[in-house]
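Listed here are the chains, written in short residue letters.
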Amino acid sequence: MALLKTTSSVLVLCSVFATLQVSALVMVTMKDQVEVFQGDTAHIPCRATFSKTPSAVHVQWFVRGSSSRERIYFKDRNVSVADNGTGYTGRISIGDDNTLTIADVQLRDARDFICQVGGMSAGKGENRTELKVYVTPEFPVIEGSHSGFSVTSDEQSEIASCEVRNGYPQPNVTWYRNHSPLHPHENQITVVPQVTKESNELFSVKSSLLYKVSKEDKDATFYCEVTYSAPGSLKMVESERINITVHYPTTKVELVSESPQGLIKEGDTVKLRCRGDGNPPPQYTFYSTRSTSTEETELKSQSDLLTLEEVARTDSGLYQCKTLDLDTFEELTANLEILVHYLDPVVLKPSDTVIAVEGDRLIVSCNALSSLKTQVVWKKKGESISAGNTLTLTEATFDTAGEYVCEVSVPELPGLEKSASLMVLVQGIPRLNMHPETEIEETVGKFVNLTCEARAYPQPKIHWVISGTQDWREVFSHAGEQHVVSVVTVRVTSGLQAACNASNEAGFEEHLFAISATPLVTTSTAPSTTVTKSREKIVKKEGSGVIIAVIIVCILLLAILGSVLYFLYKKGRIPCGRSGKQDITKEKTTKDDIVVEMKAEKPAEETVLLQGVNGEKKPPSDQ
């Protein structure tokens with residue numbers, strides 16, 4: 001019996017060894033996992049290695065179900081076909097290297113795929129690959145609470161929620177405060193997740209953050225981070241940032257001047273704002289104790305803003321804003337001292353109008369009372385002429401006369417400035433300014449304009465003395481306090497004399513105009529006389545008109561002469577048989593003479609007429 005048992009064991013071992021030897025003849029190599037996004041194409045490679053070359057090879061692909069596996073593809077040397085009714089028909093194919101290609105991958109395709117390779121007498125082998133399918137979730141949506149949270153509360157409050165939808169596999173949500181992750185902490189932080197599996201097998205996650213706020217959270221930002229799986233990696237996306245409203249009591253207040261910036265002057269609009277460190281801001285009450293009074297006065301304001309329109313120096317004083325600490329019910333007060341700067345009107349001594357005698361010395365002072373240091377500038381005709389409170393005019397002249405402006409300003413406070421003006425009149429004998437000042441030369445009969453300008457105080461009067469002509473008149477006059485202008489137009493004659501006289505209570509001054517009259521020369525009527533220089537001037541002025549008139553007269557005379565000769569020829573009073581040419585010229589030719597030559601080629605009758613006139617006989621070619 002023992003021998004039989006031993007023999008049996010040996011046979012079994014040999015059988016097992018033979019089986020292992022046969023299975024080891026084919027080795028199938030595959031990836032452990034293949035990962036794709038839903039809707040993409042998956043490629044699952046399958047590589048077979050044979051210990052000896054098989055006579056024939058067939059390949060079968062299986063998919064593992066919940067309890068068993070199902071064949072989906074078969075291939076040998078003659079056939080390559082997908083099995084019907086498996087859900088993969090039309091979506092799968094096998095390449096020459098036995099790689100299984102699956103198009104339009106869906107979540108239901110996430111399972112094991114088995115590749116089995118048979119080599120007939122060489123045996124068969126198989127291996128498996130897990131196909132993983134991923135879906136990128138939608139962008140996370142964060143929503144904060146619209147109400148405020150009090151720091152005095154001892155309980156946690158739901159300050160925000162974060163929802164991410166339609167991801168696969170299930171995404172994860174992490175909360176952050178100012179870039180720092182928030183982990184659950186007893187009585188401080190609680191995260192409540194809610195996972196939903198949708199009808200399309202995708203996951204949606206909603207996370208709520210319960211948080212105990214403090215005053216430091218008033219400027220903090222909160223957001224959620226979503227992590228999800230993707231082929232070959234783990235990805236992350238952050239939501240938008242939100243702030244929360246934190247309520248905390250006021251513990252201190254301050255009063256500040258918002259406008260104007262810097263010093264305050266009369267006429268400004270002043271805005272004072274009361275600021276507290278609480279939220280929401282409490283109710284404020286404003287009071288003032290002005291410099292002109294010791295009594296505290298309540299002022300009207302708009303919430304935390306006090307506006308003072310067009311302040312005056314009397315508005316200087318102490319201003320206060322007050323509120324109540326709701327925790328301790330103590331009164332909180334903030335103070336601010338206001339000083340309104342001013343500049344009084346300018347005072348001139350002497351003022352208004354000053355009359356100075358020519359040559360006198362004049363001193364003018366300018367002052368204005370101010371709360372700050374002032375600067376004084378004197379101007380005339382817009383230009384600065386002096387600085388300081390006193391203006392000294394050492395020797396008065398007519399050029400000294402005019403308007404002087406004293407401008408007082410405060411360098412520390414631009415815009416705070418005032419001015420006053422003074423009119424200086426200089427009394428003296430009139431001074432004449434003539435136009436033209438040099439000798440005038442004009443043709444007799446022409447008109448000239450003469451201008452007489454006088455400066456003086458008292459206002460001078462202008463008197464014209466014109467002899468040698470009655471044809472003159474005043475065409476312009478203007479009279480100012482120290483300035484008079486008169487313009488006359490006068491017809492020029494050979495005996496013309498004109499004088500301008502300006503006078504006032506201090507005396508007079510006279511000016512005589514030098515006017516040279518050029519005579520108007522007429523021309524001679526003799527055709528051969530030489531014209532004079534005066535006629536040359538007239539001919540040059542009237543030039544072309546005179547020449548044209550002379551030419552027309554000569555042509556008319558020649559026409560009349562020709563008619564007379566023709567008439568005599570017809571009557572037989574002029575012998576014929578002579579031909580010739582007549583030149584009509586002047587005996588003496590000068591640059592002003594006009595020569596007219598007439599040549600004509602006429603028929604026989606006209607030729608006979610000309611022969612009678614000249615008394616010469618010409619060949620026919622000269623006619």
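Source: prediction; values computed, not measured.

Definitions and cut-offs
- Residues numbered from 1 in each chain as written.
- Predicted model: local features only at pLDDT ≥ 70, side-chain atom pairs only at ≥ 80, totals over all residues.
- Heavy atoms only, no water.
- pLDDT = per-residue confidence, 0-100.
- Contact = heavy atoms within 4.5 Å.
- Phe/Tyr/Trp six-rings, centres within 6.5 Å; stacked < 30°, edge-to-face > 60°.
- Helix = DSSP H or I, 4+ residues; strand = E, 2+ residues; numbered from the N terminus.
- Buried < 20%, exposed > 50% of the residue type's maximum accessible area, 1.4 Å probe, protein only.
- Salt bridge = Lys/Arg side-chain N within 4 Å of Asp/Glu carboxyl O.
- Pairing = 2+ DSSP bridges.
- Axes fitted to C-alpha atoms, helices over the stretch in contact; angles between N-to-C directions.
- Polar contact = N/O pair within 3.5 Å; in protein donor to acceptor, adjacent residues only side chain to side chain.
- Disulfide = S-S within 2.5 Å.
- Patch = residues over 30% accessible without salt bridge, like charges linked within 9 Å, V, L, I, M, F, W, Y side chains within 5 Å.
- Areas by Shrake-Rupley, 256 points an atom, 1.4 Å probe, with all protein chains shown as cover.

## Concerning the confidence of the model for the protein
Logical step 1: Here the protein averages 82 in pLDDT, and 82% of its residues register 70 or above.
Logical step 2: Taken together, the stretch residues 524-543 has pLDDT below 50 and engages in 17 contacts with residues farther than four places along the chain or on a different chain.
Logical step 3: Predicted confidence is poor over residues 576-623, with pLDDT under 50, and the contacts of this stretch with residues over four places away or in other chains come to 69 contacts.

## Observations concerning the packing of aromatic side chains
Aromatic rings considered in pairs are described by the distance between their centres and by the relative angle of their planes.
Logical step 1: Within this structure, the stated rule accounts for five aromatic pairs.
Logical step 2: Relative to Phe203, the ring of Tyr168 has its centre 5.9 Å away and its plane inclined at 25°; by these criteria the two rings are stacked. Highlighted residues: Tyr168 in the loop between strand S14 (157-167) and strand S15 (172-177) and Phe203 in strand S18 (residues 203-211), separated in sequence by 35 residues.
Logical step 3: The partly exposed category is assigned to Tyr168, whose relative accessible area is 24%.

## Some thoughts on the pattern of salt bridges
Logical step 1: With the rule as written, the count across this model stands at 24 salt bridges.
Logical step 2: Put simply, Glu407 and Lys379 hold a salt bridge, and the shortest N to O gap is 3.3 Å. Linking Glu407 in strand S37 (residues 402-409) with Lys379 in strand S34 (residues 375-380), this pair joins segments that are 28 residues apart in sequence.
Logical step 3: Put simply, Asp399 and Arg455 hold a salt bridge, and the shortest N to O gap is 3.2 Å. Separated by 56 residues along the polypeptide, Asp399 in the loop between strand S36 (390-393) and S37 and Arg455 in strand S41 (residues 447-455) bring together distant segments of the chain.
Logical step 4: Accessibility expressed as a relative area gives 57% for Asp399, which makes it exposed.

## A closer look at the sheet that holds strand S25 (residues 285-290)
Logical step 1: Across the sheet, four strands lie side by side as S26-S25-S28-S29; this open sheet has antiparallel pairing. Looking at strand neighbours, the two that pair on one side only are strand S26 (297-299) and strand S29 (331-338), the edges of this open sheet. Strand-to-strand twist of the sheet, defined as the mean angle between neighbouring strand axes without regard to direction, takes the value 30°.
Logical step 2: Pairing geometry for S25 and strand S28 (residues 317-324), over six bridges, is antiparallel. Paired with Thr285 across the bridge in S28 is Lys322.

## Structural notes on the environment of Phe62
Logical step 1: Among the secondary structure elements, Phe62 is positioned in strand S5 (residues 58-64).
Logical step 2: We classify Phe62 as buried; its relative accessible area is 10%.
Logical step 3: Linking Phe62 and Phe113, residues 51 residues apart in sequence, is a C-alpha distance of 5.8 Å.

## Things to note about the pairing of S5
Logical step 1: A large share of S5 lies buried, amounting to five of its seven residues.
Logical step 2: Sheet topology places S5 next to strand S10 (residues 112-118); six bridges connect them, and they run antiparallel. Within S10, the position partnered with Phe62 by the bridge is Ile114.
Logical step 3: Taken together, the six bridges between S5 and strand S6 (residues 69-75) define a ladder with antiparallel strand orientation.

## A word on the side chain of Asn504
Logical step 1: Inspection of the secondary structure puts Asn504 in strand S45 (residues 497-504).
Logical step 2: Here Asn504 falls in the buried class, since its relative accessible area comes to 14%.
Logical step 3: Separated by 3.0 Å, the side chain of Asn504 and the backbone oxygen of Gly428 make a polar contact.
Logical step 4: Within polar-contact distance, the side chain of Asn504 engages the backbone nitrogen of Ala506 at 3.0 Å.

## Overview of the sheet that holds strand S31 (residues 347-349)
Logical step 1: Within the open sheet, the three strands sit side by side as S31-S33-S36. Their pairing is antiparallel. A single partner strand is all that each edge strand has here, and the edge strands are S31 and S36. With direction set aside, neighbouring strand axes in the sheet form an average angle of 15°.
Logical step 2: Summarising the sheet, strand S33 (residues 362-367) and S36 pair through four bridges and their orientation is antiparallel. When the bridges of S36 are listed, Val364 appears paired with Leu391.

## As for the state of the cysteines
Logical step 1: Counting across every chain of the model gives five disulfides.
Logical step 2: Paired through a disulfide, Cys46 and Cys115 show a sulfur-sulfur distance of 2.0 Å. Across the disulfide from Cys46 to Cys115, rotation about the S-S bond amounts to roughly -80°, and the bridge is consequently left-handed. Separated by 69 residues along the polypeptide, Cys46 in the loop between strand S3 (42-44) and strand S4 (47-50) and Cys115 in strand S10 bring together distant segments of the chain.
Logical step 3: On the accessibility criterion, Cys46 (2% relative accessible area) is buried.
Logical step 4: Each disulfide pairs two cysteine sulfurs, and for Cys162 the partner residue is Cys224, the sulfurs being separated by 1.9 Å. Where Cys162 bonds to Cys224 through sulfur, the torsion about that S-S bond is close to 55°, and the disulfide is right-handed. Of this pair, Cys162 sits in strand S14 while Cys224 sits in strand S19 (residues 222-230); the two residues are 62 residues apart in sequence, bridging distant segments of the chain.
Logical step 5: Assessed through its relative accessible area of 0%, Cys224 is described here as buried.

## A look at a nonpolar patch on the surface
Logical step 1: Taken together, the side chains of Ile547, Ile551 and Ile555 present a nonpolar region at the surface, about 260 Å² in accessible area.
Logical step 2: The topology assignment puts Ile555 in helix H2 (residues 533-571).

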